[in-house]
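Understanding the architecture of this molecule
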Amino acid sequence: MSLREDISQITLPMIISGAVAVLVGYASSAAIIFQAARAAGASTALTGSWLGVLGIGMGLTSFALSLRYRMPILTAWSTPGAAMLATSLSGASLSQTVGLFIFTNLLIVICGVTGLFSRLMRHIPAAIASAMLAGILLHFGLQAFDGLKQNLPLCLTMCLAFLLARRWQPRYAVFMTLLAGILVVIAQGKTSLDQVSWQWSAPEFILPSFDLPLLLGVGLPYFLVSMASQNAPGIATLNAHGYSVPVSPVTTTTGLVALLLSPFGGFSICIAAITAAICMGEDVHSNRDKRWMAAAIAGLFYLVTGAFGSAIAVLFSALPPVFIHTVAGLALLATLAGSLHRCLERPEQRDTAMVTFLITASGVSIGGIGAAFWGMIGGSLCHIMLSRRVVVIGQTSSRQMPPINKHRQPKLPGRWRRK
């Protein structure tokens, strides 16, 4: 199908899903990016430049990869990685920080080229991938209704708009929720747009320098956090929705783009999980093969935000957190339900799925690596232990000895056969 025919099939739910994905991506973690940039000694103007570079990188990769593979491959910065940098870069200079970006993204490219990450993801069962996604999304689903105690009129209006739209116009449920929320926010006077200044976020080149203790002490853990807590859930999200994503080429592409943008503040470009799930629901399009257009549209929105990185970040932060949380939770409701259904579909894998789901949903962090990785590890260990029968003294599992067929007698040597 030609690009012109694809454009003719774009629907309003695709556009809304792409916009909501970008909105959630920026509003949910832009503050962490500010903190990481400030920890590295970046000024406000330089921080806006970094956000602009990240927006351009995510926009290019999201649009190109979705168009190339006809899958909703959305990219994002590594939020867990940014959180780690915000607490680990104190005392490092800007040039050393950029050198750390180059070192980490080079490791990601090597990991993608060698296929190590792809081979690992092929051995993860679908039940574990779906359960891990459900555990990630549970937090957002709970936040959607937690706003009832913070701003009852706003949250209740958005929930009612969502339910009514789901009843009569399910494909436009997120749009109606967004519209209803904006009207209530305006009526309440909860926005603060006086600080928004629309100007071009020009990229600034920083000459890198490499500090070995910083690379080993911060760079290696940052690499592991980005791969385990961002790329792995992103691939699992695509697999859980039935998309056979080419892991190595996608990982190599995102890592290479981030490597090229590292001197300008592009600290990471990874495969998105939560925001990508917004573009994968049935509300986006009834045909699963058409949902890639929502991710491509999100890429175009990312390019716009990249051009005005600082202004867009301030604009998103001007909206009440309750509004962002409610929109994100309701937009991911169908995806969360589908993930729970898929991970519990096979009775023999339910224990494995529940272990994965509970560890991921717990939010536990060990060694700076997030709960999604440990949920995958715990589920994999559970799967290995439960899928193989243990041999007990005096007993043998049914997998090790075939059942005896009473109607079929074993063959005996000729002299022992009954005449």
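Everything numeric in this text was worked out from a predicted model, so none of it was measured.

Looking now at the overall build of the protein chain. For the protein chain, the count of helices and strands is 18 helices and two strands. Within the protein chain, the proportion of its 419 residues that are buried is 50%. Put simply, of all contacts in the protein chain between residues at least 6 apart along the chain, 83% involve residues at least 24 apart. A total of about 20,100 Å² of accessible surface is found on the protein chain, and carbon and sulfur atoms cover 65% of it.

As enumerated under the stated definition, the model contains two salt bridges in all. Where Lys-149 meets Asp-146, a salt bridge forms, and the shortest distance between an N and an O atom there is 3.2 Å. Taking the relative accessible area as the measure of exposure, Lys-149 reaches 68% and is therefore exposed.

Our focus in this paragraph is helix H15 (residues 321-331). With nine of its 11 residues buried, H15 lies for the most part within the structure. Those residues of H15 that fall on the buried side of the exposure criterion are Val-322, Phe-323, Ile-324, Thr-326, Val-327, Ala-328, Gly-329, Leu-330 and Ala-331.

Contact geometry of helix H7 (residues 126-146) with helix H18 (residues 371-387) gives a least axis separation of 10 Å together with a crossing angle of 145°. Seen along the crossing, H7 lies across H18 with a hand that is right-handed. From H7, Ile-128, Met-132 and Ile-136 reach across to H18, where they touch Ala-372, Met-376, Gly-379, Ser-380 and His-383. Partitioning the contact of H7 with H18 into residue classes produces five nonpolar, three polar and no charged.

Okay, the environment of Ala-40 next. Relative to the elements of secondary structure, Ala-40 occurs in the loop between helix H2 (12-39) and helix H3 (44-69). The class for Ala-40 is buried, based on a relative accessible area of 3%. As for Ala-40 and Ser-95, which are separated by 55 residues in sequence, their C-alpha atoms are 9.3 Å apart. Excluding residues that lie within four positions of it along the chain, Ala-40 makes contacts with Trp-50, Leu-89, Ala-92, Ser-93, Leu-94 and Thr-97.

Moving on, we get to the environment of Val-53. Mapped onto the elements of the fold, Val-53 is located in helix H3. Note on Val-53: relative accessible area 5%, which makes it buried. When the C-alpha positions of Val-53 and Gly-266 are compared, they lie 6.0 Å apart, and in sequence the two are 213 residues distant. Those residues in contact with Val-53 that sit more than four places away from it in its chain are Pro-203, Leu-261, Phe-264 and Gly-266.

Turning next to the environment of Thr-104. Among the secondary structure elements, Thr-104 is positioned in helix H5 (residues 94-114). For Thr-104, a relative accessible area of 1% gives the class buried. Once the C-alpha coordinates of Thr-104 and Ser-226 are considered, the two residues, 122 residues apart in sequence, prove to be 9.1 Å apart. Other than its neighbours up to four places away in sequence, Thr-104 contacts Gly-219, Tyr-222 and Phe-223.

Confidence in the prediction for the protein chain averages 79 pLDDT; 81% of positions are at 70 or higher. Note that residues 389-401 has pLDDT below 50 and, in this model, six contacts with residues that lie over four places away or in other chains.

The first and last C-alpha atoms of helix H8 (residues 152-168) sit 24 Å apart over 17 residues, in line with the 24 Å expected at 1.5 Å per residue. Taken as a whole, H8 has its buried residues at Leu-154, Cys-155, Met-158, Cys-159, Ala-161, Phe-162 and Ala-165. Axial view of H8: buried residues confined to an arc of 160°, hence all on one face. In H8, those exposed residues whose orientation departs by more than 90 degrees from the buried face are Leu-163, Leu-164, Arg-167 and Trp-168. Considering only its buried residues, H8 is in contact with H7, helix H9 (173-188), H15 and helix H16 (333-343). The backbone nitrogen of Leu-154 has a side-chain oxygen 3.3 Å away, supplied by the residue at the start of H8, namely Asn-151.

Conventions adopted
- Residues numbered from 1 in each chain as written.
- Predicted model: local features only at pLDDT ≥ 70, side-chain atom pairs only at ≥ 80, totals over all residues.
- Heavy atoms only, no water.
- Helix = DSSP H or I, 4+ residues; strand = E, 2+ residues; numbered from the N terminus.
- Buried < 20%, exposed > 50% of the residue type's maximum accessible area, 1.4 Å probe, protein only.
- Contact = heavy atoms within 4.5 Å.
- Areas by Shrake-Rupley, 256 points an atom, 1.4 Å probe, with all protein chains shown as cover.
- Salt bridge = Lys/Arg side-chain N within 4 Å of Asp/Glu carboxyl O.
- Axes fitted to C-alpha atoms, helices over the stretch in contact; angles between N-to-C directions.
- Left-handed = near helix turned anticlockwise from the far one by under 90°.
- Nonpolar A, V, L, I, M, F, W, Y, C, P; charged D, E, K, R; others polar.
- pLDDT = per-residue confidence, 0-100.
- Expected span 1.5 Å × (residues − 1).
- Arc of directions from axis to C-beta.
- Polar contact = N/O pair within 3.5 Å; in protein donor to acceptor, adjacent residues only side chain to side chain.

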